[in-house]
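# Fold and geometry: a report
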Amino acid sequence: TTGKTIKCKAAVCWGAGEPLKIEEVEVAPPQANEVRIHILHTGICHTDEYTRSGKDPEGLFPVILGHEGGGIVESVGEGVTSVKVGDHVIPLYTAECRECKFCKSGKTNLCGKVRATQGKGLMPDNTSRFTINGQPIHHFMGTSTFSQYTVVADVSVVAVDKKAPLEKVCLLGCGITTAWGSVVKQPGIKGSTVAVFGVGAIGLGVITTSALVGASRIIAVDTNPNKESWAKKFGATDFINPTQLKEGTKIQDHLIEITDGGLDYTFDCTGNVQVMRAALEACHKGWGVSTVIGVAAAGQEISTRPFQLVTGRTWRGSAFGGVKGRTEIPGLVEDYLGGKVKIDEYVTHHRKLAEINEGFHDMHQGDCIRCVVDM
Ligand code: NAD
Ligand code: AHE
Ligand code: ZN
């Protein structure tokens, strides 16, 4: 391709634990099977903060973070057929090539095509499209949406209906889709009892989707008392603050007591390994299934007595909710436009790119569900 390098603003993290800095970056044109996107809006997800903080064992610096974006295709490299200039698109941190062993298995949404280079902060040809005065800057999760222009692999992007506001559907790039998929791809939730640990955007998405598919009881668990009204508004039938239990009572024991033996389904939406254990142990003997969605810090491990599994509980997890982005996100956008899937309700904060660090600060306050950055 003969496209030109674009100069634009991006939020760059120069080192673990450092605040982001707005820099002028050079964004090289898309190579074969790559797409350059003008990013208009991006959410900030806890996983961005997790990598910024240095807790991500895969974290690399300097880097342009961000993986919950929406934008418009500016140009495409040779061989790109899945999207065209002017399309409204959502970058996908879980690619979908439809050709690899994973994609063809019918068993997983994880795609093998670009994951290795993505984890190295590079494009599939092992180089970066971002530079600052000639110094390469790492990509992040194959998306780097904290830049006004980004380049992604063509298997890592999906076009969506132009009727949908990008400032809203950008959130389908991670949180809301993750939660939705974690529930709709888990058979059996209709008519069953559910407990959701952690009432952030992910937990709220699990709650509202469980209600949508017809769970009989949805118990929300959060240490922040302000999350009770959020949980109820999204469809929880009960709210429990584990810090308010009688001294020495474990949350799993309390849940087992009030549910006649435990929950049919539980979800960890905190990333805390002790909570993951509680969520597994709160499952009903013989059939309870616990799904790990939260991302734990480097070095953290989960544990429980194997007897918990021997006696019929299942521990599982999912990335991006098990959703195949290119195939399924257009339908989710239609569901949003049709009023079946909530998005607007999650947006509590807006920031300009120049204030992105304040957006990270917002995220640590208990009142922020999602902050959308206008690029
Ligand atoms: P969030 O911080 O907004 O929500 C977490 C909630 O957990 C908060 O309300 C907090 O008060 C609550 N909490 C903290 N400690 C608790 C405890 N001990 N018991 C009960 N509640 C507790 O985060 P979020 O944006 O909703 O994301 C949740 C997690 O999901 C993060 O770890 C994020 O990295 C992860 N995530 C995973 C995927 C995936 O594909 N698997 C996708 C998106 C996000
Ligand atoms: N890099 C971390 C793990 C981070 C992680 O688990 N990421 C999730 C998405 S979180 C979105 O907010 C994921 O999709 N993982 C699957 C994958 O292929 O990365 C580590 O521990 O190394
Ligand atoms: Zn995320």
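In the block above lies the structure referred to throughout.
A brief structural summary. In this text, all values refer to a predicted model and were calculated from it rather than measured experimentally.

This brings us to the site of ligand 2. Taken together, the neighbourhood of ligand 2 is formed by 13 residues, with Thr47, Asp56, Glu58, Arg115 and Ala319 sitting nearest. Between Asp56 and ligand 2, the recorded distance is 2.9 Å, taken from a side-chain N or O atom to a nitrogen atom. In this structure, a nitrogen atom belonging to ligand 2 sits 2.8 Å away from a side-chain N or O atom of Glu58. When isolated, ligand 2 has an accessible area of 530 Å², and the protein chains bury 71% of it. In the shell around ligand 2, the residues fall into 8 nonpolar, 2 polar and 3 charged.

Read from one edge to the other, the open sheet built from 4 strands follows the order 1-2-6-7, with strand pairing classed as antiparallel. What marks the edges here is a single partner per strand, and that holds for strand 1 (6–12) and strand 7 (135–137). In this sheet, adjacent strand axes meet at a mean angle of 50 degrees when their direction is disregarded.

Protein coordination at the zinc ion (ligand 3): the donors are Cys45 (SG), His67 (NE2) and Cys174 (SG), at 2.1 to 2.3 Å from the metal. Here the donor residues for the zinc ion (ligand 3) map to a single chain with the spacing C-x21-H-x106-C. Taken together, the positions of Cys45 in the loop between strand 3 (34–43) and helix 1 (46–53) and Cys174 in the loop between helix 4 (166–169) and helix 5 (175–184) put the pair 129 residues apart, joining distant regions of the chain. Accessibility expressed as a relative area gives 5% for Cys45, which makes it buried.

Spatially, the 6 strands line up as an open sheet ordered 12-11-10-13-14-15, and their pairing is parallel. The open sheet is flanked by strand 12 (238–240) and strand 15 (314–317), the only strands paired with a single partner. With direction set aside, neighbouring strand axes in the sheet form an average angle of 20 degrees. By the bridge criterion, 5 bridges tie strand 10 (residues 193–197) to strand 11 (residues 217–221) in an arrangement that is parallel. Looking at strand 11, one finds that Thr193 is bridged to Arg217.

Axis separation between helix 5 and helix 6 (residues 201–213) bottoms out at 8 Å; the angle between their running directions is 40 degrees. Classified by the interaxial angle, the pair formed by helix 5 and helix 6 is oblique. Note on packing geometry: the crossing formed by helix 5 with helix 6 is right-handed. Contacts from Gly175, Ala179, Trp180, Val183 and Val184 of helix 5 reach helix 6 at Ile202, Gly205, Val206, Thr209, Ser210 and Val213.

Let's shift gears to the nonpolar core. With 90 residues, the main nonpolar core has Phe146, Val169, Ile207, Phe267 and Ile356 as its most contacted residues. Not counting the four nearest positions on each side in its chain, Ile207 is found in contact with Val196, Val199, Ile218, Ala220, Ala231, Phe234, Gly235 and Ala236. Counting 12 residues, the second-largest nonpolar core is a separate cluster that includes Ile240, Ile251, Leu255 and Ala279.

Among the structural elements, Gln300 can be located in the loop between strand 14 (289–292) and helix 10 (307–310). A sequence separation of 26 residues divides Gln300 from Gln274, and the C-alpha atoms of the two residues are 9.9 Å apart.

This part covers the site of ligand 1. The environment of ligand 1 is formed by 27 residues, the closest being His46, Asp222, Lys227, Ile293 and Phe320. The contact in question runs from an oxygen atom of ligand 1 to an N or O atom on the side chain of His46, over 3.0 Å. Tyr93 places a side-chain nitrogen or oxygen 3.5 Å from an oxygen atom of ligand 1. Out of a free accessible area of 870 Å², ligand 1 has 84% covered by protein chains. Of all the secondary structure elements, the ones that give two or more residues to the shell around ligand 1 are helix 1 and helix 6.

The subject of this paragraph is the pattern of salt bridges. By the definition in use, this model includes 15 salt bridges. Of the charged contacts, one joins Glu58 and Arg115 as a salt bridge, the two residues approaching to 3.0 Å between their closest N and O atoms. Of this pair, Glu58 sits in the loop between helix 1 and strand 4 (69–76) while Arg115 sits in helix 3 (residues 115–119), placing them 57 residues apart in sequence. Arg115 gets classed as partly exposed once you look at its relative accessible area, which sits at 38%. Notably, a salt bridge pairs Arg129 with Asp125, separated by 3.1 Å at the nearest N-O pair. Judged by relative accessible area, Arg129 falls into the buried class, the value being 5%. Accessibility expressed as a relative area gives 43% for Asp125, which makes it partly exposed. Look at the salt bridges and you will find they share partners, linking Glu34, Asp125 and Arg129 into a network.

The rules behind the values
Residues numbered from 1 in each chain as written. Chains lettered and ligands numbered in written order. Predicted model: local features only at pLDDT ≥ 70, side-chain atom pairs only at ≥ 80, totals over all residues. Heavy atoms only, no water. Near = heavy atom within 4 Å. Polar contact = N/O pair within 3.5 Å; in protein donor to acceptor, adjacent residues only side chain to side chain. Areas by Shrake-Rupley, 256 points an atom, 1.4 Å probe, with all protein chains shown as cover. Nonpolar A, V, L, I, M, F, W, Y, C, P; charged D, E, K, R; others polar. Pairing = 2+ DSSP bridges. Helix = DSSP H or I, 4+ residues; strand = E, 2+ residues; numbered from the N terminus. Axes fitted to C-alpha atoms, helices over the stretch in contact; angles between N-to-C directions. Donors = N, O, S within 2.8 Å, 3.2 Å for Na, K, Ca; no water. Buried < 20%, exposed > 50% of the residue type's maximum accessible area, 1.4 Å probe, protein only. Parallel < 35°, antiparallel > 145°, perpendicular 65-115°, else oblique. Left-handed = near helix turned anticlockwise from the far one by under 90°. Contact = heavy atoms within 4.5 Å. Core = buried A, V, L, I, M, F, W, Y, C linked by side-chain atoms within 4.5 Å. Salt bridge = Lys/Arg side-chain N within 4 Å of Asp/Glu carboxyl O.

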